[in-house]
Amino acid sequence: MDAILLQILNGLDKGSAYALIALGLTLIFGTLGVVNFAHGALFMIGAFCAVTLQKIFSISTETIDPTKLDFLGNPQVIKTPILESWFGVETGSAILDWSVPLAILFAIPIMVAVGFIMERGLIKHFYKRPHADQILVTFGLAIVMQEVIKYYYGANPIPTPAPEVFRGSFDFGVLLGFDPNAIIYPYWRLVYFGFSAMIIGAVFAFLQFTTFGMVVRAGMADRETVGLLGINIDKRFTIMFGLAAAVAGLAGVMYAPINSPNYHMGMDFLVLSFVVVVVGGMGSLPGAVLAGFMLGILESFASMNEIKSLIPGIDQIIIYLIAIIVLLTRPRGLMGRKGVMEE
């Protein structure tokens, strides 16, 4: 029982990342009809926003202390973090320690700006082009972004620790009445799941309960009719592209302590998340979230040694296997609109 609960927790962790990225992909496809293969790169850029802010906070000033000598007898160079110089040792250290959560505020305007630039500068020219053209141009854009990150940050993963208070693990075994240490789970992964649920809830609430969101949902259902009412639906869809970019970026920011950011992490998640979108149903926001968590949990169970001993390599193909089964039996996906992907 404890092993099952642990795998469910691991699945919710993976599913949170899949669901957030798939949610942004679905927002873009549902509003603009664009298959955005650069969306994984937005996830990567969000993670490197956390890396960048941490590097900024780590900038130090150097002073020479003539009262302290090194082993050669020269005055020692003392490095003092600039945050400690400005705010004092205790406050400066706390700000540096909480650089990842603070990177949320840093990443939001950056990701929205990147989304606007992508949409207005490139993607708007491919609205009426075939999906194959959209995939090629956005995939090429993703490679460009990836190489830019590699050039400035290097090819190696960059450790980005969570705040010290969240670096331990929570003993679920004691909470649920099992033996101590039976179910140990990192605090930050729980934080990530809670954060993902909050972002998903906020996106759905925005679309459901705000006038802007209602117009966007109407435009997703019948763009031409909304345009005939005198509403500038294109402008609203551009804003939604920026929102989708921000969602992907925030997912990357908070994922940085779980998986050290590297230049190819966007590609690693993109293919899986696109499978999630297809399984959930192209253009279906609830389907993207449902499929994200479902496939995350199934992938987690497939990684158990007991399962892998029975079916070697199942953990590598389980998501694609489920996708094949769903598309053979229900081409529009679990919650897709009738007629989508069924022609």
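Fair warning: this is a prediction, and the values are worked out from it, not measured in the lab. (Residues numbered from 1 in each chain as written. Predicted model: local features only at pLDDT ≥ 70, side-chain atom pairs only at ≥ 80, totals over all residues. Heavy atoms only, no water.)

Asks: Which parts of the structure should I look at to understand the overall build of the protein?
Replies: A tally of regular secondary structure across the protein gives 15 helices and four strands. Dimensions of the protein along its principal axes, counting C-alpha atoms only, are 80 × 55 × 35 Å. By the burial criterion, 45% of the 343 residues in the protein qualify as buried. When the 20 basic and 23 acidic side-chain charges of the protein are each reduced to a single mean position, those positions are 12 Å apart. (Helix = DSSP H or I, 4+ residues; strand = E, 2+ residues; numbered from the N terminus. Buried < 20%, exposed > 50% of the residue type's maximum accessible area, 1.4 Å probe, protein only. Lys, Arg positive; Asp, Glu negative; His and termini not counted. Charge placed at Lys NZ, Arg CZ, Asp CG, Glu CD.)

Asks: How should the packing of helix 2 (residues 39-57) against helix 11 (residues 233-255) be read in this particular structure?
Replies: The angle between the axes and the distance between the axes are what describe a pair of packed helices. It is at 6 Å that the axes of helix 2 and helix 11 come closest, and there the two elements cross at 50°. With respect to helix 11, the axis of helix 2 lies oblique. Like other packed secondary-structure pairs, helix 2 and helix 11 cross with a definite hand, here right-handed. Between helix 2 and helix 11, the contacting residues are H39, L42, F43, G46, A47, C49 and A50 on the first element and A244, A245, A248, G249, A251, G252, V253 and Y255 on the second. Looking at the contact of helix 2 with helix 11, its residues break down into 11 nonpolar, four polar and no charged. (Axes fitted to C-alpha atoms, helices over the stretch in contact; angles between N-to-C directions. Parallel < 35°, antiparallel > 145°, perpendicular 65-115°, else oblique. Left-handed = near helix turned anticlockwise from the far one by under 90°. Contact = heavy atoms within 4.5 Å. Nonpolar A, V, L, I, M, F, W, Y, C, P; charged D, E, K, R; others polar.)

Asks: Can you help me understand the pattern of salt bridges in this one?
Replies: Charged atoms that come close allow side chains of opposite charge to pair. In total, this model carries four salt bridges according to the counting rule given. Across the pair R120 and E119 runs a salt bridge, and its minimum N-O distance is 2.6 Å. Here R120 falls in the partly exposed class, since its relative accessible area comes to 38%. A salt bridge links D133 to R129, with the nearest nitrogen and oxygen atoms 3.1 Å apart. (Salt bridge = Lys/Arg side-chain N within 4 Å of Asp/Glu carboxyl O.)

Asks: Just to check I follow, could you spell out a nonpolar patch on the surface for this structure?
Replies: A cluster of nonpolar side chains, namely W98, L102, L105 and V165, defines an oily patch on the protein surface of about 390 Å² accessible area. Looking at the secondary structure, you find V165 in the loop between helix 6 (131-153) and strand 3 (169-171). (Patch = residues over 30% accessible without salt bridge, like charges linked within 9 Å, V, L, I, M, F, W, Y side chains within 5 Å. Areas by Shrake-Rupley, 256 points an atom, 1.4 Å probe, with all protein chains shown as cover.)

Asks: I tried to follow the environment of S85 on my own but got confused; where do I start?
Replies: Relative to the elements of secondary structure, S85 occurs in helix 3 (residues 82-87). Looking at S85, the relative accessible area reads 43%, which means it is partly exposed. Remark: the alpha-carbon pair of S85 and T61, spanning 24 residues in sequence, is separated by 8.5 Å. For S85, the residues in contact, after removing those within four places along its chain, are T61 and T80.

Asks: Explain the packing of helix 8 (residues 187-209) against helix 11 to me, please; I cannot follow it from the model alone.
Replies: Here helix 8 crosses helix 11 at 170°, and the two axes come no closer than 10 Å. Put simply, helix 8 runs roughly antiparallel to helix 11. Touching W188, V191, Y192, F195, I199, V203, F206 and L207 of helix 8 are M240, L243, V247, L250, A251, M254 and Y255, all from helix 11. Counted by class, the contact of helix 8 with helix 11 contains 15 nonpolar, no polar and no charged residues.

Asks: Looking at this structure, how should I read the side chain of D13?
Replies: Tracing the backbone shows D13 in helix 1 (residues 2-32). Residue contacts for D13: discarding those within four places in its chain leaves Y185, R189, Y192, Y255 and I258.

Asks: What is the right way to look at the packing of aromatic side chains in this model?
Replies: One pair of aromatic rings is described through two measures. These are the centre distance and the angle between the planes. On inspection of all chains with the given rule, the structure shows 14 aromatic pairs. Ring geometry for F43 against Y255: centres 5.9 Å apart, planes inclined by 55°, an arrangement best described as tilted. Of the two residues, F43 is situated in helix 2 and Y255 in helix 11; the sequence distance between them amounts to 212 residues. Taking the centre distance of 5.3 Å and the plane angle of 65° together, the rings of Y192 and Y255 count as edge-to-face. Here Y255 lies in helix 11 and Y192 lies in helix 8, a separation of 63 residues in the sequence. Like Y192, the residue Y255 is buried in the burial classification. Ring pairing ties together the aromatic residues Y18, F43, Y192, Y255 and F269, which thus form one cluster. (Phe/Tyr/Trp six-rings, centres within 6.5 Å; stacked < 30°, edge-to-face > 60°.)

Asks: Whenever I open this one, helix 2 confuses me. Can you help?
Replies: Quick reminder: α-helices carry 3.6 residues per turn. Residues three or four places apart thus point the same way. The end-to-end C-alpha separation of helix 2 is 28 Å, in line with the 27 Å expected for 19 residues at 1.5 Å each. Judged by how many residues are buried, helix 2 sits mostly within the fold: 16 of 19 residues are covered. (Expected span 1.5 Å × (residues − 1).)

Asks: Any chance you could explain the environment of T31 here in plain terms?
Replies: Mapping T31 onto the fold places it in helix 1. By relative accessible area, T31 is classed as buried at 5%. In this view, T31 contacts V216, M220, R223, F237 and M240; residues no more than four positions away in its chain are not counted.

Asks: Can you help me understand the side chain of T160 in this one?
Replies: Inspection of the secondary structure assignment puts T160 in the loop between helix 6 and strand 3. For T160, a relative accessible area of 3% puts it in the buried group. For T160, the side chain forms a polar contact with the main-chain oxygen of I158, separated by 3.1 Å. The residues touching T160, leaving out its near neighbours within four places in the chain, are A50, V51, Q54, V100, A256, P257 and P261. (Polar contact = N/O pair within 3.5 Å; in protein donor to acceptor, adjacent residues only side chain to side chain.)

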